Amino acid sequence: MRKILQTLDATPPKEIYRSIIADYDLNLGICELIDNAIDIWYRKNTQHDLCVDIEIDTEYQKIIVKDNAGGISEAEIVYFMSPGRTTNSGRDESIGIFGVGSKRALVALAQNINVKSRNGIGRTIEVGIDENWLNDESWNFNVFHSAKDIAKDTTEIEMFHLRKVVRDDEVDNLKDHISVTYAYFLKKSNIKISLNTEQIQPRFFDDEWSYPP
């Protein structure tokens, strides 16, 4: 007859976020957010074109990423915040949808993050992440109804107090990185990604280059 010795709490510490900050750069962080926007858009079978707009202000060190992929519902916001949860079934051909990447990208890029999202024509919800929340071992977080609705099916992510200073040459490098990484998607007329109001064009390698399909 087995006897229980003790019951332990296996809730992961907030160090799970802080430990991966050093592994991220601007390119990887932004691409994680683009991945999620593309997956949400495909999953929700949205009829309108997908637009991902990225704004990077190197003077004020601020990043804003907006997309019209479909928005995050009140029921889904917990997946967006929790590192161990995802809406993926494991059978989907997906690259994001609230996986660990989206959370760690936000935390790795900035100390202060504000997320607003509006699923369909519902109310706009809003959540925030800051250093106080990261330093508190509790995983509880507040979800607010925003004082002003954003456009339907839209998510807006604002990142302030960036962990690493972003230079103008890094923004130029990000543009080139997106044009190559998402060339397959960008060649479609219904997917558009812009950086500081400039629409990014797909860039393909010459035929003699060898690269994975």
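Refer to the structure printed above.
Conventions used here
- Numbering of residues begins from 1 in every chain and follows the order in which that chain's sequence is written.
- Where local features are concerned, this predicted model is filtered to residues with pLDDT of at least 70; where side-chain atom pairs are given and counted, the filter is 80 or more; whole-chain, interface and lining totals use all residues.
- Side-chain numbers come from the whole structure's heavy atoms, not from hydrogens or water.
- Numbering of helices and strands runs from the N terminus; a helix is a DSSP stretch of H or I covering at least four residues, while a strand is a stretch of E covering at least two.
- An expected span of 1.5 Å times one less than the residue number is assigned to each helix.
- Only protein chains enter the accessibility calculation, which uses a 1.4 Å probe; a residue whose area is less than 20% of its type maximum is buried, one above 50% is exposed, and one in between is partly exposed.
- Within 3.5 Å is the distance limit for a polar contact, defined as a pair of N or O atoms, with the added protein rule that one can donate a hydrogen and the other accept it, and that residues adjacent in sequence qualify only through two side-chain atoms.
- Any two strands between which DSSP finds at least two bridges are classified as paired.
- Note on ring pairs: Phe, Tyr and Trp rings are taken, using the six-membered ring of Trp, and paired if centres are within 6.5 Å. Classes follow the plane angle, with under 30 degrees stacked, over 60 edge-to-face and the rest tilted.
- Interaxial angle, 0 to 180 degrees, is taken between N-to-C directions of lines fitted to C-alpha atoms, where a helix line uses only the stretch in contact.
- The scheme is simple: roughly parallel for angles under 35 degrees, roughly antiparallel for over 145, roughly perpendicular for 65 to 115, oblique for anything else.
- For a crossing to be left-handed, the near helix must be turned anticlockwise from the far one by less than a right angle; the clockwise case is right-handed.
- Whether two residues are in contact is decided by their heavy atoms: any pair within 4.5 Å suffices.
- Three categories are distinguished: nonpolar for Ala, Val, Leu, Ile, Met, Phe, Trp, Tyr, Cys and Pro, charged for Asp, Glu, Lys and Arg, and polar for the others, with Gly belonging to the last.

Asks: Sorry, what's going on with helix α2 (residues 26-43) here?
Replies: Three or four residues apart is the spacing at which side chains of an α-helix point the same way, because the helix has 3.6 residues per turn. The terminal C-alpha atoms of α2, which comprises 18 residues, lie 26 Å apart, in line with the 26 Å expected from a rise of 1.5 Å per residue. Here α2 lies mainly inside the structure; 15 of its 18 residues are buried. For α2, the N-terminal cap is Asp25; the gap from its side-chain oxygen to the backbone nitrogen of Asn27 is 3.4 Å. Asn45 sits one or two positions beyond α2 and adopts a positive phi of about 50°.

Asks: Would you take a moment to explain the pairing of strand β1 (residues 50-57) for this structure?
Replies: One face of the sheet, then the other: side chains in a regular strand alternate in exactly this way. Side-chain alternation along β1 places Leu50, Val52, Ile54 and Ile56 on a buried face and Cys51, Asp53, Glu55 and Asp57 on a face that remains uncovered. Sheet topology note: the β1/strand β2 (residues 62-67) ladder contains 6 bridges and is antiparallel. Bridging across to β2, Ile56 finds its partner in Ile63. From the end of β1 to the start of β2, which pair antiparallel, there are 4 residues, and Gln61 there has a positive phi angle of about 50°.

Asks: Could you clarify how one ought to interpret the packing of aromatic side chains in this entry?
Replies: One pass over the full model with this rule turns up 4 aromatic pairs. Aromatic pair Trp133 and Trp139: ring centres 5.8 Å apart, planes at 80°, arrangement edge-to-face. Owing to a relative accessible area of 11%, Trp133 belongs among the buried residues under this scheme. Site record: aromatic cluster; members linked through ring pairs are Tyr182, Tyr184 and Phe185.

Asks: Just checking my understanding: could you explain the packing of α2 against helix α6 (residues 168-181) for this structure?
Replies: Angle between the axes and distance between the axes are the two parameters that describe a pair of packed helices. At a minimum axis separation of 10 Å, α2 and α6 run at an interaxial angle of 45°. Accordingly, the angle class assigned to the pair α2 and α6 is oblique. Between α2 and α6 the crossing geometry is right-handed. For the pair formed by α2 and α6, the contact residues are Leu26, Asn27, Ile30, Cys31 and Ile34 on the first element and Glu170, Asn173, Leu174, His177 and Ile178 on the second. Considering only residue class, the contact of α2 with α6 consists of 6 nonpolar, 3 polar and 1 charged.

Asks: Help me out: how do you make sense of the sheet that holds strand β3 (residues 110-118) in this one?
Replies: Strand-to-strand pairing in sheets goes through backbone hydrogen bonds, with the strands running parallel or antiparallel. Taken together, the 8 strands give an open sheet; going across it, the order is β5-β4-β3-β6-β2-β1-β7-β8, and neighbouring strands pair in mixed fashion. Only two strands of the sheet have a single neighbouring strand rather than two, namely β5 (144-145) and β8 (198-199). The pairing of strand β7 (residues 191-195) with β8 spans 2 bridges and is antiparallel. The residue bridging Ser194 from the neighbouring strand is Gln199, located in β8. In this fold α2 packs onto β1, β2, β6 (154-162) and β7, with an angle of close to 160° to the strand it touches most, β1. Set on the sheet, α6 makes contact with β1, β7 and β8; between it and β7 the angle comes to about 170°.

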